[in-house]
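# An overview of the molecular structure
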Amino acid sequence: MTVALSTERLWLDPLDPVRDAVDLHVAFTDPEVTTFKSPVSRDVQHSVDRLTEMVRNNDYWVVREAPDGPGIGFVGLIGGNGLDWLLSRGVWGRGYATEAATAVIDHAFRQPGVDRVEAWVDGANSRSLALARRVGLTERGQMPQSGPGTRVVLGKSREPVPTFVINLVAELEVDDVAASMGLFETLFQFRAAIVVGDPPTYASLDIGPWSGSRRLDLVAAEGKPITPSSLTVELANDLDAVHARAMAAGLRIAEPVTDRPWGRREFVLVLPEGHEITVSGPIGT
Ligand SMILES: CC(C)(COP(=O)(O)OP(=O)(O)OC[C@H]1O[C@@H](n2cnc3c(N)ncnc32)[C@H](O)[C@@H]1OP(=O)(O)O)[C@@H](O)C(=O)NCCC(=O)NCCS
């Protein structure tokens, strides 16, 4: 059961979809507030329905400036540790979201078994990213999303994490490291960060232009038989362009471009050594 919380300036009551919909409808019909929280509600009943869906199995608090004042927004805990928040436009810029989210995070960390909280924020949602950082969340990764761009995953642990893995490096054995480097650069714009040998016997490819990006290592098989592996490359965009480049490079396409029921558009290409690469991107790109 969701319990009431309070802060210096705010009252956080368990959100009741029917009672609170009229107040929150103000925010749900504001195009600025719903930029990253679409759709704009059609009518109050639509707002009731979406709030009902939100509170199903999740804890949500309506935020008020006075015990009997109108709802000016909400903070939610999805599945016990996923943060969600929204304030009406008129009360942005006062630190209310910081205060309310801090109370909810403190509450989450008082629950048995909750050792971390996280927020999934559209990379273009600068106010939400700033809020997440203000309440102590730091960037942990990125996830694909159905629209353009990516979702940034920000998180905070209750206690420092003793073993904190920041990356996992995949390694592929290939016949010709130089040729494979060229292929990965053509297909995905991977860039060689380290190349060893002439001709190369090892290359470490950064998957993006930035320092510290995820990596793929290529190692020369040097005549040994190669056991084919499978990898998935998750794209934020451009899937059809990558498919066209794979075709132009003469690669075998084991599975054509297909929109999957789990909301991703995918195809499978096969490298000359038999490695299968599933290329996955958002539907509609
Ligand atoms: C995300 C959202 C809740 C953030 O609201 P916000 O008003 O920017 O955040 P806060 O309430 O914490 O206010 C912080 C601002 O108030 C200022 N402030 C004033 N008094 C303050 C105080 N006592 N304490 C902290 N900050 C204070 C801060 O300096 C900051 O100003 P800045 O934005 O100019 O840097 C709001 O933009 C929103 O509802 N967005 C739409 C919903 C949405 O996209 N949700 C995303 C779900 S992932």
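Shown above is the structure to which this text applies.
All values derive from a computational prediction rather than experimental measurement. Throughout, residues of each chain are indexed from 1 in the direction in which the sequence is written. The model is predicted, so local features are restricted to residues of pLDDT at least 70 and side-chain atom pairs to those at 80 or more, both for listing and for counting; the totals for chains, interfaces and linings are taken over all residues. Side-chain measures were taken over the full set of non-hydrogen atoms in the model, leaving aside hydrogen atoms and water.

### Some thoughts on the overall build of the protein chain
As a reminder of what qualifies: Helix and strand definitions here come from DSSP, where helices need a minimum of 4 consecutive H or I residues and strands a minimum of 2 consecutive E residues; each element is numbered from the N-terminal end. For the radius of gyration, the atom set is restricted to C-alpha positions; the globular benchmark scales as 2.2 Å times the number of residues to the power 0.38. Only protein chains enter the area calculation, which uses a 1.4 Å probe; residues under 20% of their type maximum are buried, those over 50% are exposed, and those in between are partly exposed. The contact rule is simple, with two residues in contact once any of their heavy atoms fall within 4.5 Å. Only the protein chains shown count as cover for residues, with accessible areas throughout obtained via the Shrake-Rupley method and a probe of 1.4 Å. Asp and Glu count as negative and Lys and Arg as positive, but His and the ends of the chain are not part of the count. Lys charges are placed at NZ, Arg charges at CZ, Asp charges at CG and Glu charges at CD.
Counting secondary structure elements, the protein chain contains six helices and 16 strands. Expected size for 285 residues packed as a compact globule is a radius of gyration near 19 Å; at 24 Å, the protein chain overshoots this value by more than 25%. The dimensions of the protein chain, computed from C-alpha atoms along their principal axes, are 75 × 45 × 30 Å. For the protein chain, the proportion of its 285 residues judged to be buried stands at 45%. Within the protein chain, contacts between residues at least 6 apart in sequence are counted, and of these 54% link residues at least 24 apart. With the model as given, the accessible surface of the protein chain reaches about 15,200 Å², and the carbon-plus-sulfur share is 53%. The centroid of the 27 positive side-chain charges in the protein chain is displaced by 5 Å from the centroid of its 38 negative side-chain charges.

### So, the pattern of salt bridges
Where side chains of opposite charge bring their charged atoms close, a pairing between them can arise. What counts here: For this document, the term salt bridge refers to a Lys or Arg side-chain nitrogen within 4 Å of an Asp or Glu carboxyl oxygen.
Counted according to the given criterion, the structure contains 15 salt bridges. With its nearest N and O atoms 3.0 Å apart, the salt bridge here joins R64 to D13. With R64 in strand β3 (residues 59–64) and D13 in strand β2 (residues 11–14), this residue pair connects regions lying 51 residues apart in the sequence. Here R64 falls in the buried class, since its relative accessible area comes to 6%. By sharing partners, the salt bridges in this structure join D13, R19, D20 and R64 into a single network.

### Some remarks on the packing of aromatic side chains
Our working definition: Think of it this way: a Phe, Tyr or Trp ring, Trp meaning its six-membered ring, pairs with another when their centres are within 6.5 Å, and the plane angle makes it stacked under 30 degrees, edge-to-face over 60, tilted otherwise. Sitting over a ring, as applied to charges here, requires NZ of Lys or CZ of Arg to be within 6 Å of the ring centre and within 35 degrees of the ring normal.
Summed over the entire model, instances satisfying the criterion amount to five aromatic pairs. Taken together, the ring pairs connect F28, Y60 and F74 into an aromatic cluster. A cation sits over an aromatic face here: R50 above F28, 3.9 Å from the ring centre.

### Some details on the sheet that holds strand β12 (residues 215–220)
The strands making up a sheet associate through hydrogen bonds between their backbones, and the pairing can be parallel or antiparallel. Applicable threshold: A pair of strands is considered paired only if DSSP assigns at least 2 bridges between the two. Angles run from 0 to 180 degrees between N-to-C directions of axes, and those axes are lines fitted to C-alpha atoms, restricted for helices to the stretch in contact.
With mixed pairing, the four strands of this open sheet are ordered in space as β9-β12-β11-β10. Of all the strands in the sheet, just β9 (170–174) and β10 (191–196) have a single pairing partner and so form its edges. Strand-to-strand twist across the sheet, computed as the mean angle between neighbouring axes with direction ignored, equals 20 degrees. Where β9 meets β12, five bridges bridge the pair, whose relative direction is parallel. Residue pairing across strands places E173 opposite V219, the latter belonging to β12. Taken strand by strand, helix α5 (residues 177–188) contacts β9, β10, β11 (202–206) and β12, and its axis lies near 155 degrees from that of β12.

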